[in-house]
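Letter by letter, the chains look like this.
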Amino acid sequence: MEIDPFIFRLSIFILSIFVGYYVVWSVTPSLHTPLMSVTNAISSVIIVGAIIAALAGSSEKIFEVSNIFGFLAIILAAVNIFGGFLVTQRMLQMYKKKKK
Amino acid sequence: MSSNLSALFYLISGILFILALRGLSSPETSRQGNYFGIAGMLIAIFVTFLSIGNFGPGFIYVLIFLIIGGSIGAFIAFRIPMTAMPELVAGFHSLVGLAAVFVAISAFLKPEAFGLGEVGSINLASLIEMSLGAAIGAITFSGSIIAFLKLRGIMSGSPITFKGQHFLNLILGLAIIFLIYYLCTLQSSNIFWSIIIISFLVGVLLIIPIGGADMPVVISMLNSYSGWAAAGIGFTLENTALIITGALVGSSGAILSYIMCKGMNRSFFNVILGGWGATDQMTGSQEKEQKPVKNGNADDAAFLMKNASSVIIVPGYGMAVAQAQHALREMVDALKKNGVKVSYAIHPVAGRMPGHMNVLLAEANVPYDEVFELEEINNDFANCDVAYVIGANDVTNPVAKSDPQSPIYGMPVLDVEKSKSVLFVKRSLSPGYAGIDNDLFYRDNTLMLFSDAKKMTEEIVKSL
């Protein structure tokens, strides 16, 4: 019997939870705020779905209802991607070692 | 681009995201980690464009909207003051949640574009995944908005509770599950809209009973939710990058919530159900008001610290409110010139979000190797001459170790009282968030400095 592709995705999902578990425990507590802002930025990879939604359908009708939701989602995700990565970068620049 | 090839590229961007988080294990590798994250995002976006292969007028609009959103994001990122980081993160979470809702709506309206079947006969699994993604996304959105309003001070930080609140939440939660079940059999769009609306309501109801000082848990929890929402959409779109990222973010937020709860010695449910020590807070406070406290001024504090050999600074939320981090750093510089050894002690739940104090100190150019976590530094208080408590309160309360009756009993606290003398900067003797009187105020070795954190620190700098 063939295995449903859903099971493969579920496997990836569960393994990623474990990877996330071990990776996040190794994050130093002083970087917990940048951790939140960077997880926020990467979860905006949902923009992939937004782009598919925006470009769905025929080229003549660009602004059907489902496309509009896609475009709105693109704006929201783009705010997050740029804002998230840049603010993380800004924070990380500030962490300096003692000058000897 | 073939779908197999693009799936491989999505896997690569997922791995780059893992490396981005891995980089945060130390400040040296963290900047490189952030570049991995950016690279992962670029790959995911380019691969999506190539696999759709539609570079018509719609593509131009996509780019325009991407640039609009990106400029808004970049503008916010450069302008936001570091003290506003908790509300910024809450605001960003709400955007991820809303984006997830929008993508799910779009997939529901036009399933054929995503390969999920036809309107009215969407694949069962896809339907469950997209409605879960939409529901969690909606809860994340409205919950984060409430958290944002509370952190920003637009809405009062005090818990809003009413009778039957938990019962109502339970009913609404069950209603969502029932509606998802009926959605699968009836495929009606009205049910889909109802799920989203009820989820918005649940998000609001879930966050309003939670008070200001519990915000670190709330923010971490919403962080986790935004991940699960992304993963739900990832399953709908059969996209590996989204599934991996969703799982990473989901477990990251869950771990942070756990660390924050442990920092307060409370269970997750205790925090979520809200209302901490509402009954206990009235008991002890009246008779203790009468106890004598030693009152000092900036000159006394400067004298004590100048003649000390080691000083430990204990910052808390009050430092963030007063924006005292720069003045604090000046004070420490002056002390170091006098040969005093200075370090900083940070409690896990100090501030309004995980790592809040560390970012503020880093902003004020405090080297991160002078900043220590609770377990690293707690034994050093016994050998230190002066502890300078600025804007922290409950996390220093020795009652947590001695009084089993106290609501904060068992919470890990900084052993501030063990140092030779304690300087406690506070505006008044009022109890902290937990509503418990701090025993530390009345100790013989405590000198209270009644003033605004920033003003007092600046005055001390002058007298040094």
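Everything discussed here concerns the structure shown above.
Here is a short report on the structure shown in this document. Note that the coordinates shown come from a computational prediction; the quantities given were computed from them, not determined experimentally. (Residues numbered from 1 in each chain as written. Chains lettered and ligands numbered in written order. Predicted model: local features only at pLDDT ≥ 70, side-chain atom pairs only at ≥ 80, totals over all residues. Heavy atoms only, no water.)

Our next topic: the overall build of chain B. Within chain B, the secondary structure is distributed over 19 helices and 8 strands. A compact globule built from 464 residues would reach a C-alpha radius of gyration of about 23 Å, and chain B, at 25 Å, matches this within 12%. When its C-alpha atoms are laid out on the principal axes, chain B stretches across 75 × 50 × 30 Å. Burial statistics for chain B: of 464 residues in total, 59% are counted as buried. A separation threshold of at least 6 residues defines the contact pool for chain B, and within that pool the share at least 24 residues apart is 76%. Averaging the coordinates of the 27 positive side-chain charges in chain B and doing the same for the 32 negative ones gives two points 3 Å apart. (Helix = DSSP H or I, 4+ residues; strand = E, 2+ residues; numbered from the N terminus. Rg over C-alpha atoms; globule rule 2.2 N^0.38 Å. Buried < 20%, exposed > 50% of the residue type's maximum accessible area, 1.4 Å probe, protein only. Contact = heavy atoms within 4.5 Å. Lys, Arg positive; Asp, Glu negative; His and termini not counted. Charge placed at Lys NZ, Arg CZ, Asp CG, Glu CD.)

On to the environment of Leu88(B). Its place among the elements puts Leu88(B) in helix H4 (residues 85–109). C-alpha of Leu88(B) to C-alpha of Ala77(B): the two residues are 11 residues apart in sequence and 9.0 Å apart in space. Beyond its immediate sequence surroundings of up to four residues, Leu88(B) is in contact with Val87(A), Ile76(B) and Ile80(B).

Judged by nonpolar contacts, the single largest core of 186 residues is most densely connected at Ile74(A), Met305(B), Tyr388(B) and Ile460(B). A total of 16 residues in this core trace back to one element, the largest contributor, which is H4(B). Beyond its immediate chain neighbours, meaning those up to four positions away, Met305(B) contacts Val311(B), Met331(B), Leu335(B), Val340(B), Val386(B), Tyr388(B), Leu423(B) and Ile460(B). By size, the runner-up hydrophobic cluster in this structure holds 5 residues, among which are Phe13(A), Phe235(B), Ile243(B) and Ala247(B). (Core = buried A, V, L, I, M, F, W, Y, C linked by side-chain atoms within 4.5 Å.)

Turning to the interface of chain A and chain B, a few remarks are in order. Chain A puts 79 residues into the contact, and the matching count from chain B is 102 residues. A buried area of about 8,300 Å², summed over both sides, lies between chain A and chain B, and 78% of it is on carbon and sulfur atoms. It is Met36(A), Ile46(A) and Leu55(A) in chain A that bury the most area against chain B; as a group they hold 9% of the surface buried on that side. Run the count over chain A and chain B and you get 2 salt bridges. (Buried area = accessible area lost by both parts, 1.4 Å probe. Salt bridge = Lys/Arg side-chain N within 4 Å of Asp/Glu carboxyl O.)

Residue and element names in this part refer to chain B. Residue Asn 265 is not a glycine yet carries a positive backbone phi of 55°. By the secondary structure assignment, Asn 265 is in the loop between helix H10 (240–263) and helix H11 (268–273). Positive phi outside glycine occurs at Asn 365, with the angle close to 65°. Note on placement: Asn 365 falls in the loop between helix H16 (356–363) and strand E5 (371–373).

For the rest of this paragraph, the subject is the packing of helix H1 (residues 5–25) of chain A against H10(B). Close contact between H1(A) and H10(B) brings their axes to 8 Å; oriented N to C, the two are set at 40°. On the basis of the axis angle, H1(A) is oblique to H10(B). In terms of crossing hand, the pair formed by H1(A) and H10(B) is right-handed. Judged by residue contacts, Arg9(A), Ile12(A), Phe13(A), Ser16(A), Ile17(A), Val19(A), Gly20(A), Tyr21(A), Val24(A) and Trp25(A) of H1(A) engage Thr240(B), Ile243(B), Ile244(B), Ala247(B), Leu248(B), Ser251(B), Ser252(B), Ile255(B), Tyr258(B) and Ile259(B) from H10(B). Broken down by class, the residue content of the contact of H1(A) with H10(B) amounts to 14 nonpolar, 5 polar and 1 charged. (Axes fitted to C-alpha atoms, helices over the stretch in contact; angles between N-to-C directions. Parallel < 35°, antiparallel > 145°, perpendicular 65-115°, else oblique. Left-handed = near helix turned anticlockwise from the far one by under 90°. Nonpolar A, V, L, I, M, F, W, Y, C, P; charged D, E, K, R; others polar.)

This brings us to the pairing of strand E7 (residues 421–426) of chain B. All names here are of chain B. Of all 6 residues in E7, 6 are buried; the element is thus mostly enclosed. Neither face of E7 is open: one carries Ser 421, Leu 423 and Val 425, the other Val 422, Phe 424 and Lys 426, and all of them are buried. Relative to E7, strand E6 (residues 386–390) runs parallel, the two sharing 5 bridges. Counterpart to Tyr 388 in the pairing with E7 is Leu 423. With 5 bridges joining them, E7 and strand E8 (residues 446–450) adopt parallel strand pairing. Residue pairing across strands places Lys 426 opposite Phe 450, the latter belonging to E8. (Pairing = 2+ DSSP bridges.)

Turning to the environment of Val342(B), a few remarks are in order. Residue and element names in this part refer to chain B. With respect to the helices and strands, the residue Val 342 is situated in strand E4 (residues 341–346). Sequence separation between Val 342 and Arg 329 is 13 residues, and the spatial gap between their C-alpha atoms is 11 Å. Not counting residues within four places of it along the chain, the set of residues in contact with Val 342 comprises Val 311, Ile 313, Val 332, Leu 335, Lys 336 and Glu 370.

Turning our eyes to something else, we now look at the sheet that holds E8(B). Residue and element names in this part refer to chain B. Reading across from one edge, E5-E4-E3-E6-E7-E8 is the order of the 6 strands in this open sheet, with parallel pairing throughout. Of all strands in the sheet, those bounded by a partner on one side alone are E5 and E8. Going across the sheet, the axis of each strand differs from the next one's by a mean of 25°, ignoring polarity. Across 4 bridges, strand E3 (residues 310–315) lies against E4 in parallel orientation. For Ile 312, the partnering residue across the bridge sits in E4 and is Ser 343. Lying over the sheet, helix H19 (residues 453–463) contacts E6, E7 and E8, oriented at roughly 145° with respect to E6.

Residue and element names in this part refer to chain B. Evaluation of the coordinates by the stated rule reveals 11 salt bridges over all chains. One salt bridge in this structure joins Lys 336 and Glu 370, with 2.8 Å as the shortest N-O distance. Of this pair, Lys 336 sits in helix H15 (residues 325–337) while Glu 370 sits in the loop between H16 and E5; the two residues are 34 residues apart in sequence, bridging distant segments of the chain. Classification of Glu 370 by relative accessible area gives buried; the value is 4%.

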